[in-house]
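Structural features, examined
Here is what each chain is made of, one letter per residue.
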Amino acid sequence: MGFNCGIVGLPNIGKSTLFNALTATQSAEAANYPFCTIEPNIGRVAVPDERLDVCAKLAKSAKIVATQLEFVDIAGLVRGASKGEGLGNQFLGHIREVEAIAHVLRCFDDGNVTHVEGSIDPIRDAEVVETELMIADLESLEKRVTAAQKKLRGADKEAKAMLEVAEPALELLREGKSPRLLKLSADQIPAFKALQLLSAKPVLYVANVDEASAATGNAQSAKVAEYAKSRGAASVIVSAAIEAEVSALADESEKREYLVALGLEEAGLNRVIRAGYKLLDLLTFFTVGPKEAHAWTVANRSKAPQAAGVIHSDFEKGFIRAETIAYDDFVACGGEQGAKEAGKMRLEGADYLVRDGDIFHFRFNV
């Protein structure tokens, strides 16, 4: 599975603590000094989805398999990272390899945990990281545009397509703006993605608050929400300290009781995971039967054969058709048999665009 989200931010803001809780491991050492994370830690987490449990109950499935999302804990960036400060070049390279960014911002005061900038200001912290990403992109893109302009003289079609997106992106960067603001046609999106710009990656802002503010947020997290909104991005509130404690509890009932006592309806991690999933523009489809109820991930606007290929490459190669039931119909009819009898099962071909919640049974010939 290639869907991943990088956890970034300044040192000592709770990134590794959040990652540990997300993956329910201690693989990312959480320590009170910069650069305790040098190599990126990678962990996969189950995506919470009540629909999977409903499907499994209706089909009396013996096993439930959730779809997963990959998180990468990337070491903290500091001012000057684009110039190599704080092992910056290495860290920037790790960011380049992920598809989206979960930007953790410190929204809590704690005299026992030092802040690399000397004070608590999540907006300043966000701008420090984003500025470094834009500077790195600016320097890289200027070189690539110059090289492509030379190729253009020889009527190079690839250079022309690249320059159509690279030149306006470069102008935005020179103005101190994110290339995410570019209005792109469907034909331009592949060329734009090929630029692999750090500052163009989709961003989710994660406001890491103190335990007392986990349910309602605080003044700092409110600033983060407004900042995210102004950039057309999403934000979530989470207390990494609470999530670490919750993840250490083995019993699910204990976890629920602990969260209820704090005034929380669910773990903040669930919101982070769902928001990361949405950020990557993903859909979930299901395969359901007595042996197993399985949730699968596919990119939005994927066609049925591509969904089949997520399960096995042979399914995509030999795709014939997909027996398809919408989730709502599956539930309303009491399962697969009821949906068939009610005429709610459809036969979809190779051009069918997958819809979120589709329940498939693929027919294929190898």
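Rules of the game
Residues numbered from 1 in each chain as written. Predicted model: local features only at pLDDT ≥ 70, side-chain atom pairs only at ≥ 80, totals over all residues. Heavy atoms only, no water. Pairing = 2+ DSSP bridges. Helix = DSSP H or I, 4+ residues; strand = E, 2+ residues; numbered from the N terminus. Axes fitted to C-alpha atoms, helices over the stretch in contact; angles between N-to-C directions. Contact = heavy atoms within 4.5 Å. Core = buried A, V, L, I, M, F, W, Y, C linked by side-chain atoms within 4.5 Å. Buried < 20%, exposed > 50% of the residue type's maximum accessible area, 1.4 Å probe, protein only. Salt bridge = Lys/Arg side-chain N within 4 Å of Asp/Glu carboxyl O.

**Let's talk about the sheet that holds strand E2 (residues 41-46)**
Taken in spatial order, the 6 strands make up an open sheet running E2-E4-E1-E5-E6-E7, and their pairing is mixed. In this open sheet, the two edge strands, each paired with only one partner strand, are E2 and strand E7 (234-238). Neighbouring strand axes in the sheet, compared pairwise and without regard to direction, differ in orientation by 25 degrees on average. Bridge analysis of strand E6 (residues 203-209) against E7 gives 5 bridges, and the strand direction is parallel.

**A look at the environment of Asn270**
Topologically, Asn270 is positioned in helix H10 (residues 268-279). Taking the C-alpha atoms as reference points, Asn270 and Val238, 32 residues apart in sequence, are found 9.8 Å from one another.

**Quick look at the side chain of Ser213**
Position of Ser213 among the secondary structure elements: in the loop between E6 and helix H7 (219-230). In contact with Ser213, not counting residues within four places along its chain, are Asn218 and Ile237.

**Re the nonpolar core**
With 52 residues, the main nonpolar core has Leu18, Leu22, Leu69, Phe71, Tyr205 and Val206 as its most contacted residues. Discounting residues that sit within four places of it in the chain, Leu18 has contacts with Val104, Val206, Val238, Ala240 and Leu269. The next biggest cluster of nonpolar side chains, apart from the first, holds 18 residues, and it includes Leu163, Val165, Ala169 and Ala200.

**Some details on the environment of Ala136**
Relative to the elements of secondary structure, Ala136 occurs in helix H4 (residues 122-152). With relative accessibility at 13%, the residue Ala136 sits in the buried group. Separated by 61 residues in the primary sequence, Ala136 and Leu197 place their C-alpha atoms 8.8 Å from one another.

**Observations regarding the pattern of salt bridges**
On inspection of all chains with the given rule, the structure shows 16 salt bridges. Between Lys177 and Glu175 there is a salt bridge, with its nearest N and O atoms 3.5 Å apart. For Lys303, the salt bridge is made with Asp351, and the minimal N-O distance between the two is 3.7 Å. Pair noted here: Lys303 is in the loop between strand E9 (293-299) and helix H11 (304-311) and Asp351 is in the loop between strand E11 (346-348) and strand E12 (359-364), with a separation of 48 residues, a long-range link. For Lys303, a relative accessible area of 34% corresponds to the partly exposed category. A cluster of three or more residues bridged by salt bridges with shared partners is formed by Asp49, Arg51 and Asp356.

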